[in-house]
Amino acid sequence: MGIDTIIDGATFDDLKDTMGADFIEEIIDTYNEETAALVEQLRQALTAQDPTTFGRCAHSIKSSSASLGALAFAEQARELELMGKAGDLSDAGPRVERLAADFALVRRSLEELRDES
Amino acid sequence: MSPDGRPGRLLVVDDNKVNRLLLGRGLEQQGHQVAFAENGRQALDMLHEGGFDLVLLDIEMPVMDGYEVMEKLTGDLDLRGIPVIVVSSLEELDGVVRCIEMGAEDYLTKPVSPVLLRARIDASLEKKRLRDQQRELLRRFATAEVAQDLAESGFSLGGRYVEATAMFSDIRGFTSLAASQSPADTIELLNTYYILMFEAITGQGGVVNQMVGDGLMAIFGAPLPLDNHGEQAVRAALEMIEMIELFNLDQATAGRPAIQIGIGIATGQVIAGYTGTQRRATYTCVGSTVNLAARLESHTKVAGQPILIDESTRQALSPSIEALGLGATQIKGIVDDVAVYAIPVGQRL
């Protein structure tokens, strides 16, 4: 996947324009840190079979990812959120691992965008 | 960028740090001062410290979610006046509706558009400013003025006899009116009504000392002496009717129902004193004069006249004010017949 499909250019540029380029750096660093922690919490909630916490973590990943333009990634998080809300985590294992793998791509793409600006 | 409206002090509540930063940045760019809370519990603690004009509230949060915050806020007399804007994803619309039913003022969806953010924040802050003004009016006349008088005159909480004029006013048919419109419209109507009535009464030197639902009681001539309190009360009553007529024009333009009020006025000896505690005292008047004023107010419905006064009040009137004698009248709740006078409305004074 190229950057363009990972991060929606229009959303990201809009954000950069309204927030300012210097602030975007701070946002990207915070997002990467926070999302890494949330993915870890998602794994733990799965191990603990705690759908409430699972759903909430996925919800949180979804909303900040959408704000930065990581739309496909946000959609993955949304599907996990729905699993949590339905209280059924039986199929969640492989999806969490896919989310974690895709997060690595999102993180790298955002870092590239940060370094460009 | 400078804000269109005046800046406020806002609290952003969201468990996601990126969301907090984004929202905070947007608000700061619009000139507002922003503080942050990571969950509902922290938000409530900060709100209790005071000084916030508005809350932007996420729904899903650990420790305490947005619903619980709404519940706590609406149950708290000190905090319920702070407007809340719910910030959520589009899919959470059910949750937004639930928050609005619980008293939230408005909502925004994530990712938040800066244009909508500005519009909603400015509108909510403006509404809060109006509400604060109304509350200040109520506070000033219902308790603080009295508290100040207590402090300045060293007045004791004990009672005394005072020569004064008592006035009662209420909205006729209010219960059916309230049933025919939304609770928000009813409260807005009451607030406007109170503002208008306060203005007329205080403008003539009276003090509103009780408000219950759609009714209010005012005293002229106490706690501070007032020359010709009987006439002042009647002048206030005429002004009140005039204001209601103007208000009804607005209501008609907005396609809303008109309201009618009835006013009863009586003059004589009242037992006056402060009731309550040292910190929150209300100046109260009781006795047969006060009772008569209340009964005359009820009698306005029977007499078909908006303003009724007793004999002592009429005697206090200068000849320029017209009073229509209705003769000795039997009034519910009073043993002897009472000489009652109607004040024709629309008099040029």
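1. Observations regarding the overall build of chain B
(1) Moving on: Helices and strands together make up the secondary structure of chain B, namely 10 helices and 13 strands.
(2) Moving on: Restricting the contact set of chain B to residue pairs at least 6 apart, pairs at least 24 apart contribute 68%.

2. Topic: the interface of chain B and chain A
(1) Moving on: With 14 residues of chain B at the interface, the matching set in chain A holds 15 residues.
(2) Moving on: Sorting elements by how many residues they give to the side of chain B that touches chain A places helix H1 (residues 17-29) of chain B first, with 6 residues.
(3) Moving on: Residues belonging to the side of chain B that touches chain A are distributed by class as follows: 6 nonpolar, 3 polar and 5 charged.

3. With respect to the confidence of the model for chain B
All names here are of chain B.
(1) Moving on: Summarising the model, chain B shows a mean pLDDT of 85, and 88% of its residues fall at 70 or more.
(2) Moving on: Taken element by element, chain B is modelled with least confidence in helix H5 (residues 114-153), mean pLDDT 69, and with most confidence in strand S11 (residues 307-310), mean pLDDT 97.
(3) Moving on: Scoring of the predicted complex yields 0.57 for pTM and 0.90 for ipTM.

4. Considering the pairing of strand S12 (residues 324-329) of chain B
Residue and element names in this part refer to chain B.
(1) Moving on: With 0 of 6 residues buried, S12 lies mostly on the surface of the structure.
(2) Moving on: Relative to strand S13 (residues 338-342), S12 runs antiparallel, the two sharing 4 bridges. Paired with Gly 325 across the strands is Tyr 341, a residue of S13.

5. Digging into the environment of Arg114(A)
Residue and element names in this part refer to chain A.
(1) Moving on: Looking at the element boundaries, Arg 114 is found in helix H6 (residues 92-116).
(2) Moving on: Under the C-beta neighbour-count criterion, Arg 114 is labelled partly exposed, with 16 such atoms within 10 Å.
(3) Moving on: Linking Arg 114 and Asp 29, residues 85 residues apart in sequence, is a C-alpha distance of 8.9 Å.

6. Let's talk about the packing of helix H4 (residues 51-68) of chain A against H1(B)
(1) Moving on: As a packed pair, H4(A) and H1(B) sit with axes 8 Å apart at the nearest point and diverge in direction by 45 degrees. As judged from the angle between their axes, H4(A) and H1(B) are oblique. The handedness of the crossing between H4(A) and H1(B) comes out as left-handed. Packed against H4(A), whose contacting residues are Ser63(A), Ser64(A) and Ser67(A), the element H1(B) presents Val18(B), Asn19(B) and Leu22(B) at the interface.
(2) Moving on: Among the residues making up the contact of H4(A) with H1(B), the classes are represented as 2 nonpolar, 4 polar and no charged.

7. Structural notes on the packing of helix H2 (residues 40-49) of chain B against helix H3 (residues 66-74) of chain B
Residue and element names in this part refer to chain B.
(1) Moving on: Between H2 and H3, whose axes approach to 9 Å, the crossing angle comes to 25 degrees. If you check the angle between H2 and H3, you find them roughly parallel. Once H2 is placed against H3, the crossing between them reads as right-handed. Here Gly 40, Ala 43 and Leu 44 of H2 lie close against H3, whose contacting residues are Gly 66, Glu 68, Val 69 and Lys 72.
(2) Moving on: Among the residues forming the contact of H2 with H3, the class breakdown is 3 nonpolar, 2 polar and 2 charged.

The rules behind the values
- Once a new chain begins, its residue numbering starts again from 1 and follows that chain's sequence as written.
- Working convention: letters from A go to chains and numbers from 1 go to ligands, in the order in which they are written.
- Owing to the predicted nature of the model, reporting of local features is limited to residues with pLDDT of at least 70; listing and counting of side-chain atom pairs is limited to 80 or more, with chain, interface and lining totals taken over all residues.
- What counts as a helix is a DSSP run of H or I of at least four residues, what counts as a strand is a run of E of at least two, and both are numbered from the N terminus.
- Contact definition: two residues whose C-beta atoms, as placed from backbone geometry, lie within 7 Å.
- Each residue gets one of three labels, nonpolar for Ala, Val, Leu, Ile, Met, Phe, Trp, Tyr, Cys and Pro, charged for Asp, Glu, Lys and Arg, and polar for the others, Gly among them.
- Here pLDDT means the predictor's own confidence in every residue, given as a number from 0 to 100.
- Note on burial: count the other C-beta atoms lying within 10 Å of the residue's C-beta; 20 or more is buried, 12 or fewer is exposed, in between is partly exposed, and C-beta positions come from the backbone.
- Criterion used throughout: strands pair if DSSP finds at least two bridges between them.
- Angles shown run from 0 to 180 degrees and are taken between the N-to-C directions of axes, each axis being a line fitted to C-alpha atoms and, for helices, limited to the stretch in contact.
- Any angle that is under 35 degrees is reported as roughly parallel, and any over 145 degrees as roughly antiparallel; angles of 65 to 115 degrees are reported as roughly perpendicular and all others as oblique.
- For a crossing to be left-handed, the near helix must be turned anticlockwise from the far one by less than a right angle; the clockwise case is right-handed.

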